[in-house]
Amino acid sequence: MDKGRITANLEERIKPIPKEKRIFLKRSKALEKYISDYKEDDNFRYNEWQHIKANTILLYSALIESLSSNENTECIEEMAHYFNSKKRENRIIDNKPFLRRGPEWFDEMSEIVKGMLGIETDRPPVFENRHLVFRHPGKYDADKKEITLHNINPYFVPEVVAHEYIHHAQYAFKYSMSWKYNKVLLEGMAYPLGNASAREYAFESGNLIALRTGSSYLSEGLMQTIKLIKEGERHRKTCMERNVEHYPGIAAFLVAEAKHGKKIYREIIKSPQPAEYLIKKLK
């Protein structure tokens, strides 16, 4: 795949869809019932976890196979180089926005996400925890429909807010049952699109450090995917125990973006079969 085309598609500025033309997302009754049953029944929780685990392993293996082609592997390596180079772009026009508390970023970053995806949702509550340090900088609670931001580097907040809001959108769509079964899908989309949203903010505001912060993680995720491809099929069933299941998802969405541009996110989130659609776009 042409390197110039990869760079052009990753740096593409997608025209936001106006508010009056966006689709309003409402959480499905099926997902509400699932959450209710999951909370109330231990056997349901166990059986559903086995179902989710099986679906995750299946999609994980399918994505590894799709990403193993020479063209896709070369694309992954080129993107890893691209994001690695972006880690050095740290020019800041104005430091004042980064003095905001985490929830104060929500309106701005959610608007960028909604414009990119062409969707509208209800506004989830956004809370901030500045007292404890967690492994993950943020969390979306699908049961309570709320976002919690933890004590993190302020320059990373725009991307984290966008990332957690994307999870809210995934669980709000009428095809949300297709999303909840797979961390590969959930995180695979949220990391690249969260980063793309931070890049949109960076270019609009000139605060390029917002672009820099998440690029390191994407570069690492892409290189880890290359290692997983080289490991071979005999290692794939351990993906969840090794906590690597989201890496092929990240690589798959980024490859789709590199091939088709950011419009791919609009198409995938609105698809009744997002996993199948994603795999199709990798070919």
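Quick caveat, the model's predicted, so the values are computed rather than measured. (Residues numbered from 1 in each chain as written. Predicted model: local features only at pLDDT ≥ 70, side-chain atom pairs only at ≥ 80, totals over all residues. Heavy atoms only, no water.)

Draft legend 1. Here's a closer look at the pairing of strand S4 (residues 138–141). Here S4 shows a clear split, with Gly138 and Tyr140 buried on one side and none of Lys139 and Asp141 buried on the other. Direction of pairing for S4 relative to strand S5 (residues 146–149): antiparallel, over a ladder of 4 bridges. From the neighbouring strand, Lys139 faces S5, where its bridge partner is Thr148. (Buried < 20%, exposed > 50% of the residue type's maximum accessible area, 1.4 Å probe, protein only. Helix = DSSP H or I, 4+ residues; strand = E, 2+ residues; numbered from the N terminus. Pairing = 2+ DSSP bridges.)

Draft legend 2. Local environment of the sheet that holds S4. Ordered in space as S3-S5-S4, the 3 strands form an open sheet in which the pairing is mixed. Looking at the sheet topology across the chains shown, the edges are occupied by strand S3 (126–128) and S4. The average angle at which neighbouring strand axes cross in this sheet is 20°, direction not considered. (Axes fitted to C-alpha atoms, helices over the stretch in contact; angles between N-to-C directions.)

Draft legend 3. Quick look at the confidence of the model for the chain. Per-residue pLDDT for the chain averages 89, and the proportion of residues at 70 or more is 95%. Looking over the chain, one finds the lowest element-wise mean pLDDT in helix H7 (residues 176–180), namely 81, and the highest in helix H5 (residues 106–117), namely 97. (pLDDT = per-residue confidence, 0-100.)

Draft legend 4. Representation of the pairing of S5. Both faces of S5 are covered, namely the face carrying Glu146 and Thr148 and the face carrying Ile147 and Leu149. Two strands pair when backbone bridges link them, and S3 and S5 are joined in this way by 3 bridges, in the parallel orientation. Within S5, the residue paired with Phe127 across the bridge is Thr148. Between S4 and S5, which follow one another and run antiparallel, lie 4 residues, and Lys145 among them has a positive phi close to 55°.

Draft legend 5. Focus on the environment of Ile268. By the element assignment, Ile268 lies in helix H11 (residues 263–269). The sequence separation of Ile268 and Phe253 amounts to 15 residues, and the corresponding C-alpha distance is 9.5 Å. Each residue touching Ile268, except ones within four places of it in the same chain, is listed here: Trp179, Phe253, Pro274, Tyr277 and Leu278. (Contact = heavy atoms within 4.5 Å.)

Draft legend 6. Region of interest: the side chain of Gln170. Mapped onto the elements of the fold, Gln170 is located in helix H6 (residues 157–172). Gln170 has contacts with Ser176, Trp179, Leu185, Leu186, Met189, Ala190 and Ile269, leaving out every residue within four places of it along the chain.

Draft legend 7. Spatial organisation of the environment of Tyr175. Here Tyr175 lies in the loop between H6 and H7. For the pair Tyr175 and Pro125, spaced 50 residues apart in sequence, the C-alpha to C-alpha distance is 22 Å. When neighbours within four sequence positions are excluded, Tyr175 is seen to be in contact with Lys270, Ser271 and Pro272.

Draft legend 8. Summary view of the environment of Tyr34. Mapped onto the fold, Tyr34 is located in helix H2 (residues 29–40). Here the alpha-carbon distance between Tyr34 and Phe44, two residues 10 residues apart in the chain, equals 9.2 Å. When residues no more than four places from it in sequence are discounted, the contact partners of Tyr34 are Phe44, Glu48, Ile52, Met177 and Lys180.

Draft legend 9. H2, seen in detail. Taking 1.5 Å as the rise per residue, H2 with 12 residues should run 16 Å; its terminal C-alpha atoms sit 17 Å apart, in good agreement. Turning to H2, the residues buried within the fold contact helix H3 (42–67), H6 and H7. (Expected span 1.5 Å × (residues − 1).)

Draft legend 10. Broad picture of the packing of H3 against helix H9 (residues 209–231). Interaxial distance between H3 and H9 falls to 10 Å at its minimum, and their mutual angle equals 95°. Relative to H9, the element H3 lies roughly perpendicular. Contacts between H3 and H9 involve Tyr60, Ile64 and Leu67 on the former and, on the latter, Thr225, Leu228 and Ile229. Residue classes in the contact of H3 with H9 are distributed as 5 nonpolar, 1 polar and no charged. (Parallel < 35°, antiparallel > 145°, perpendicular 65-115°, else oblique. Nonpolar A, V, L, I, M, F, W, Y, C, P; charged D, E, K, R; others polar.)

Draft legend 11. Representation of the packing of aromatic side chains. Under the definition given, this model contains 10 aromatic pairs. Considering the side-chain rings of Tyr82 and Phe83, the 5.1 Å spacing of their centres and the 80° angle between planes classify their relative orientation as edge-to-face. Overall, the relative accessible area of 0% leaves Phe83 in the buried class. A ring pair is formed by Phe253 and Tyr265, whose centres lie 6.2 Å apart and whose planes are at 5°; its orientation type is stacked. With Phe253 in helix H10 (residues 246–260) and Tyr265 in helix H11, this pair connects stretches of sequence that are 12 residues apart. A relative accessible area of 0% places Phe253 in the buried class. The buried category is assigned to Tyr265, whose relative accessible area is 1%. (Phe/Tyr/Trp six-rings, centres within 6.5 Å; stacked < 30°, edge-to-face > 60°.)

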